[in-house]
Amino acid sequence: MSATTATIPERALARGSAYRTVVAPIVLGVAMLGLWQGVVDGFGIEQYIVPTPTDIWHEITDNLGSIVDGSVSTGVNALIGLVVGALVGILGAIIAGVWRIFDTIVAPLVAALAVMPIVALAPVLYTMYGADKETARQIVAAVAVIVPVYINTLRGLRQVRPVHRDLMRVYAASARQQQFAVTLPTAAPYVFTGLRVASSLAVISALIAEYFGGPIGGLGKSITSSAASSNYALAWAYVFGAIVLGLVFYCAALAVEMFFTRHRSTP
Amino acid sequence: MSSAVEVRAVSRTFGGRKGASVTALESVDLSVAPGEFVSLIGPSGCGKSTLLRLIADLDTPTSGELSVFGKPARQARVDQDYGIAFQQAGLLPWKTVTGNIELPLALHGVGRSERKARVSELLELIGLTDFAGHYPDQLSGGMQQRVAIARALAESPKLLLMDEPFGALDEMTRERMQNELVRICAETQAAVVFVTHSIPEAVFLSDRVVVMSPRPGRITDVIDVSLGGPAERDDSLREDEAFFRGVAKVREALHGVPVAGARGVDTR
């Protein structure tokens, strides 16, 4: 009896908070779009200055195939960069976790990478690897990913609890056993936090790298070429594609992170 | 047969900066017979946990000798002669109850089928058979501690080291866990070294209570309590005259003076 009476207000509350977290942002978004449409229409602002949401929506539906192709092209570059950068970052962090001297040696390099605008490398990389190849974009994405993954993983590797360390010593576990039984699983949630941050960076870097050259077809190239031909509504349509692509990467990374941290509430 | 634990004139000094060293233990002697239940009790800083960590070879004495089943402590640890449970259950949160209990077995290369059989035995022993597939965050504190005890027992050690394993539990859970520990000890025949700061807990569980005092950590008294076999150690014992006498004796030893009115039992 007490269980049912207790759950009713809880469920009502849960429904209320779900209503607030889902519906409220949607209401705000729709209101903003309406305001945008109203201002542009009402003041008679020219389409080449600011296109209306309906103009952009028409371009999206008319060019859906091209936007999807562009998203796939940019998305593949971002994904390759994310995977390669994550592997380098994780392996580097494991090495730094085992040998502190490595951490000391690479610390300045990591700091340099962290402050450098990675896309600035793009023109150089196009010259190195050829302007008809996607390689330069993938490298830019990978380099952007390394730093957050490395830093977060290394932090995670140092979170092993003293009681677990004692336990491994009690079991006379080898360094390798300790790494696989305790150190790496402890670090896992931190790795996924790093990957979540890096996932958006990978998309942004791969897309911006397209601004500096390379083959056509990606979202970045399409945005610049539409804007160059004064087709602003179409440029906005590709920007919309970039937003969706970024969200897909972020949500996928978030889902993986939530899956791997689902039992971590107990200290 | 050699004793389970033999401690001879063991001292442990922790070095501080420029001579500011702390003597955690000073010339401690202790002998634990096979199958015997010995509690270490004393105020914070008396070195009871340090002594347990020395026996477990999680730390090394500054001077003195220490042997477990006639071997040096290091060898006993490598040979897995003891099981250990800490105040924190220290379960791996990413492993199920089964995965946690079989952890030492898996690390030491015990085969899958043998592990499975042993885990189901242990789950029955701690009464958590229905929770085999649960994760630690789905268990109460008492259940987690039972899993930690099962893990300590996984390799059927003849010595169990316990560092305030019930310290973080509420009073009701604590008494139930004590009853269970009495039963488990009777079934496994293991010797136990049990660190606690609860007088009734020490008296209820132990054959002998070792009273320690701080600065420097040393043994001031050893009290025989032996309130009978496991069959007699149930909740009614907690209201028995012999139990109260034991509590009074340990308390007097701790405070260094006879306490008037032995009935004023500290329930902690």
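Values in this document were obtained by computation on a predicted structure and should not be read as measured data. (Residues numbered from 1 in each chain as written. Chains lettered and ligands numbered in written order. Predicted model: local features only at pLDDT ≥ 70, side-chain atom pairs only at ≥ 80, totals over all residues.)

1. Some remarks on the overall build of chain B
Along chain B, the regular secondary structure elements total nine helices and 10 strands. For chain B, the C-alpha radius of gyration of 19 Å lies close to 18 Å, the compact-globule estimate for 268 residues. Reported as C-alpha extents along the three principal axes, the dimensions of chain B are approximately 55 × 50 × 40 Å. Across the 268 residues of chain B, 44% fall into the buried class. Of the contacts made within chain B by residues no fewer than 6 positions apart, 68% connect residues no fewer than 24 positions apart. (Helix = DSSP H or I, 4+ residues; strand = E, 2+ residues; numbered from the N terminus. Rg over C-alpha atoms; globule rule 2.2 N^0.38 Å. Buried ≥ 20, exposed ≤ 12 C-beta atoms within 10 Å, placed from the backbone. Contact = placed C-beta atoms within 7 Å.)

2. Section: the sheet that holds strand E10 (residues 218-224) of chain B
Residue and element names in this part refer to chain B. An order of E6-E7-E8-E3-E9-E10 is seen for the six strands of this open sheet, with the pairing classed as mixed. On the outer flanks of this sheet lie strand E6 (82-85) and E10, each paired with one strand and no other. Neighbour-to-neighbour, the strand axes of this sheet turn through a mean angle of 15 degrees, independent of strand direction. As defined by bridge partners, strand E3 (residues 37-41) adjoins strand E8 (residues 191-196) across five bridges and the pair is classed as parallel. Bridged to Ile-41 within E8 is Thr-196. (Pairing = 2+ DSSP bridges. Axes fitted to C-alpha atoms, helices over the stretch in contact; angles between N-to-C directions.)

3. Focus: the interface of chain B and chain A
Tallying the contact residues gives 16 residues for chain B and 16 residues for chain A. Elements with a contribution of two residues or more to the side of chain B that touches chain A: helix H2 (73-78) and helix H4 (103-107) of chain B. Of the residues contributing to the side of chain B that touches chain A, the split by class is 12 nonpolar, two polar and two charged. (Nonpolar A, V, L, I, M, F, W, Y, C, P; charged D, E, K, R; others polar.)

4. Focus on the domain arrangement of chain A
When the domains of chain A are assigned, the result is domain 1 (1-45) and domain 2 (53-260). Distance between the C-alpha centres of domain 1 of chain A and domain 2 of chain A: 32 Å. (Domains from an automatic or database assignment.)

5. Comments concerning the environment of B:Phe14
Residue and element names in this part refer to chain B. You can see Phe-14 is positioned in strand E1 (residues 5-14). The exposure class assigned to Phe-14 is partly exposed, which follows from the 13 C-beta atoms found within 10 Å. As for Phe-14 and Leu-25, which are separated by 11 residues in sequence, their C-alpha atoms are 9.5 Å apart. In contact with Phe-14, not counting residues within four places along its chain, are Ser-21, Val-22 and Ala-24.

6. Notes on the pairing of E10(B)
All names here are of chain B. For strand E9 (residues 208-213) and E10, the ladder comprises six bridges, and the chain directions are antiparallel. What sits directly across from Val-210, in E10, is Val-222. Linkage of E9 to E10, two consecutive antiparallel strands, is achieved through a turn of four residues, within which Arg-215 is found at a positive phi near 50 degrees.

7. Regarding the sheet that holds strand E2 (residues 22-32) of chain B
All names here are of chain B. What the four strands build is an open sheet, ordered E2-E1-E4-E5; its pairing is antiparallel. On the outer flanks of this sheet lie E2 and strand E5 (71-72), each paired with one strand and no other. Sheet analysis places E1 next to strand E4 (residues 63-68), joined by five bridges and oriented antiparallel. Within the sheet, the bridge partner assigned to Val-5 lies in E4 and is Val-68.

8. Thoughts on the packing of helix H2 (residues 53-62) of chain A against helix H10 (residues 232-260) of chain A
Residue and element names in this part refer to chain A. Orientation of H2 relative to H10, taken along the N-to-C sense of each, is 70 degrees, at an axis distance of 8 Å. In terms of axis orientation, H2 runs roughly perpendicular to H10. Contact residues: Asp-55, Ile-56, Glu-59 and Ile-60 in H2; Ala-233, Leu-234, Trp-236, Ala-237 and Phe-240 in H10. Residues of the contact of H2 with H10, tallied by class, amount to seven nonpolar, no polar and two charged. (Parallel < 35°, antiparallel > 145°, perpendicular 65-115°, else oblique.)

9. Side note on the confidence of the model for chain B
Residues at a pLDDT of 70 or more form 93% of chain B, whose mean pLDDT is 83. Within the model, the stretch residues 261-265 of chain B combines pLDDT values under 50 with seven contacts to residues more than four positions away or in other chains. (pLDDT = per-residue confidence, 0-100.)

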